[in-house]
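# Structural description and commentary
Read off the chains here:
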Amino acid sequence: MKSLHHDEDGFTGLEAAIVLIAFVVVAAVFSYVVLGAGFFTTQKAQETVHTGVAQATSAVEPSGPVMIQAGANEDITNASFYLQLAAGGNSVDMTKVGYTVSTSKMVQTVQGTDSRVIIEFVKEVNTGNLLEPREMVLIDLDLEAMGFDETTMTINDKMLIEVKPPIGAALPISRTIPAALINNRWYEVY
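This report concerns the structure included in the present document. Since the structure is predicted, the reported quantities are computational estimates derived from the model, not experimental observations.

With that settled, consider the pairing of strand S5 (residues 107–111). Judged from the 5 bridges that link them, strand S4 (residues 98–102) and S5 form a sheet pairing that is antiparallel. Its bridge partner being in S5, Val101 is matched across the sheet by Gln108.

Moving on: the pairing of strand S2 (residues 76–85). Counting buried residues along S2, 8 of its 10 residues qualify, which places the element largely inside the surrounding structure. As consecutive antiparallel partners, strand S1 (residues 60–70) and S2 are separated by 5 residues, and within that stretch Glu74 has a phi angle of approximately 55°, a positive value. Pairing geometry for S2 and strand S8 (residues 136–142), over 6 bridges, is antiparallel. In the sheet register, Leu83 faces S8, and the bridge partner there is Val137.

With that settled, consider the sheet that holds S4. Read across the open sheet, the 4 strands follow the order S5-S4-S9-S10; overall the sheet is antiparallel. Two strands in the sheet have a free side with no partner beyond their single neighbour: S5 and strand S10 (171–176). On average, each strand axis in the sheet is inclined to that of its neighbour by 15°, with strand direction left out of account.

The subject of this paragraph is the sheet that holds strand S11 (residues 186–189). Taken together, the 5 strands give an open sheet; going across it, the order is S6-S8-S2-S1-S11, and neighbouring strands pair in antiparallel fashion. The open sheet has two edge strands with one neighbour each: strand S6 (117–123) and S11. This sheet shows a mean twist of 25° between the axes of neighbouring strands, independent of strand direction.

Here is what the cut-offs are and how they apply
- Residues numbered from 1 in each chain as written.
- Predicted model: local features only at pLDDT ≥ 70, side-chain atom pairs only at ≥ 80, totals over all residues.
- Heavy atoms only, no water.
- Pairing = 2+ DSSP bridges.
- Helix = DSSP H or I, 4+ residues; strand = E, 2+ residues; numbered from the N terminus.
- Buried < 20%, exposed > 50% of the residue type's maximum accessible area, 1.4 Å probe, protein only.
- Axes fitted to C-alpha atoms, helices over the stretch in contact; angles between N-to-C directions.

So, in structure tokens, the structure goes:
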């Protein structure tokens, strides 16, 4: 009589195994999608961080002293300084760099192509207008031609020169003009 009785215990175990395998397959597909989305998000976040760092740091940095030339009326006729690429920076087209000179009485902005800006490559690896790694450039700003005179920039005044490369943050160079000036003499300012 026992052989006529149907025992369905085996079928219940088989059905449970099929359902379990289906759950494992669905979970594997879901985890693959989640991991793929996570990797994509991580990559985009990394690109955003690199772009942000490139925009927040200046592409150029000063290399050496800032020099000014005194005029006849205790004013400043020229300001000169050296620039080089910041560590890890990309090449910079010096004709596209802007320069803003400001005091408490006046603000003037010029571009690298302006005749009031003299760009002279001192240590040049490749020819052209690009400032590249291991190169140095001398920037000479003709402040007199920009309109600065004894009424707008004189002894003890604070002077701010902002170097604005096309990519990256502006580089501020703040200096104080000495308490005494002799005509046609160059001074290193701090």
